[in-house]
Each structure stands twice: as structure tokens, then as C-alpha cells.
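# Summary of the model geometry
One letter stands for each residue in the lines below.
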Amino acid sequence: MMKQKFAINGMSCNHCVATVEKTINELPGIEKVKVNLKKNQGSVKFDETQTSAQEIADKVSAAGYETEVI
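Residues numbered from 1 in each chain as written. Predicted model: local features only at pLDDT ≥ 70, side-chain atom pairs only at ≥ 80, totals over all residues. Heavy atoms only, no water.

## Quick word on the nonpolar core
Quick note on the threshold: Think of a nonpolar core as a cluster: buried Ala, Val, Leu, Ile, Met, Phe, Trp, Tyr and Cys residues, connected wherever their side-chain atoms sit within 4.5 Å. Accessibility here uses a 1.4 Å probe with only protein chains present; expressed as a share of the type maximum, an area under 20% marks a residue as buried, one over 50% as exposed, and anything in between as partly exposed. A run of H or I in DSSP becomes a helix once it reaches four residues, and a run of E becomes a strand once it reaches two; helices and strands are each numbered from the N terminus. Here, residues are in contact when the closest pair of their heavy atoms is within 4.5 Å.
Counting residues in hydrophobic clusters, the biggest one holds 18 residues, and the most contacted among them are M11, V20, I24, I30, V44 and I56. Of all elements in the fold, only strand 1 (2-9), helix 1 (14-25), strand 2 (30-36), strand 3 (41-46) and helix 2 (53-62) reach the threshold of two or more residues within this core. I30 has contacts with I24, N25, V44, K45, F46, T51 and I56, leaving out every residue within four places of it along the chain.

Below you can see the structure in the form of C-alpha cells.
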């Protein structure tokens, strides 16, 4: 399992947080997702044989939030 942090910009409320968490959880190999609205960050624990940090960032970006791996 790998743990990766992401900078996520564009979230303004808890609904945004829920959307980002749901979006990430749709990917294969995701074990745990924690998104912090105040810090504009997310932490994801995932199986790197099933998905990558870049795929996670791309999926969140496609949902409308500016995202980068940190």
C-alpha cells in the first residue's frame, strides 16, 4: 500500500469534500481517502499495482478540482 498527499483547489464546502472523496473511491485499489477542506489537501492510501497517484489526480481534476500530487 502507498500513501500519497494531494493539493486540491476549488473546494468550498463539505459537499465538495464528499464529491472528491466519492470520485477517488471510484478508482480500483483505493483503501482510504481523507480530504481536508481547510488545508485544501487530500491523503489517499491505495494499492499502487491497481492505480497510480497521477491517475487519482487526473480523476479529481476531471471532476472539476485543480489537483496535483505533493
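## A few points about a positive patch on the surface
Rules: Patch construction takes residues with relative accessible area above 30% that form no salt bridge. Like charges are linked within 9 Å, and nonpolar side chains (Val, Leu, Ile, Met, Phe, Trp, Tyr) are linked within 5 Å. Note that accessible areas follow from Shrake-Rupley with a 1.4 Å probe, and for residues the cover is restricted to the protein chains shown. Whenever Lys or Arg places a side-chain nitrogen within 4 Å of a carboxyl oxygen from Asp or Glu, that contact is recorded as a salt bridge. Under the convention used here, Asp and Glu are negative, Lys and Arg are positive, and both His and the chain ends fall outside the count. We put the charge of a Lys on NZ, of an Arg on CZ, of an Asp on CG and of a Glu on CD.
A cluster of like positive charges, contributed by K3, K5, K32, K34 and K39, occupies part of the molecular surface. Within the residue set of the positive patch, elements represented by two or more residues are strand 1 and strand 2. Along the chain, K5 falls in strand 1.

## Focus on the pairing of strand 2
Keep this limit in mind: For two strands to pair, DSSP has to find at least two bridges joining them.
The sheet contact formed by strand 2 and strand 3 spans 6 bridges and is antiparallel. What sits directly across from N36, in strand 3, is Q41. The hairpin turn running from strand 2 into strand 3, its antiparallel successor, is 4 residues long, and N40 in that turn takes a positive phi close to 55 degrees.

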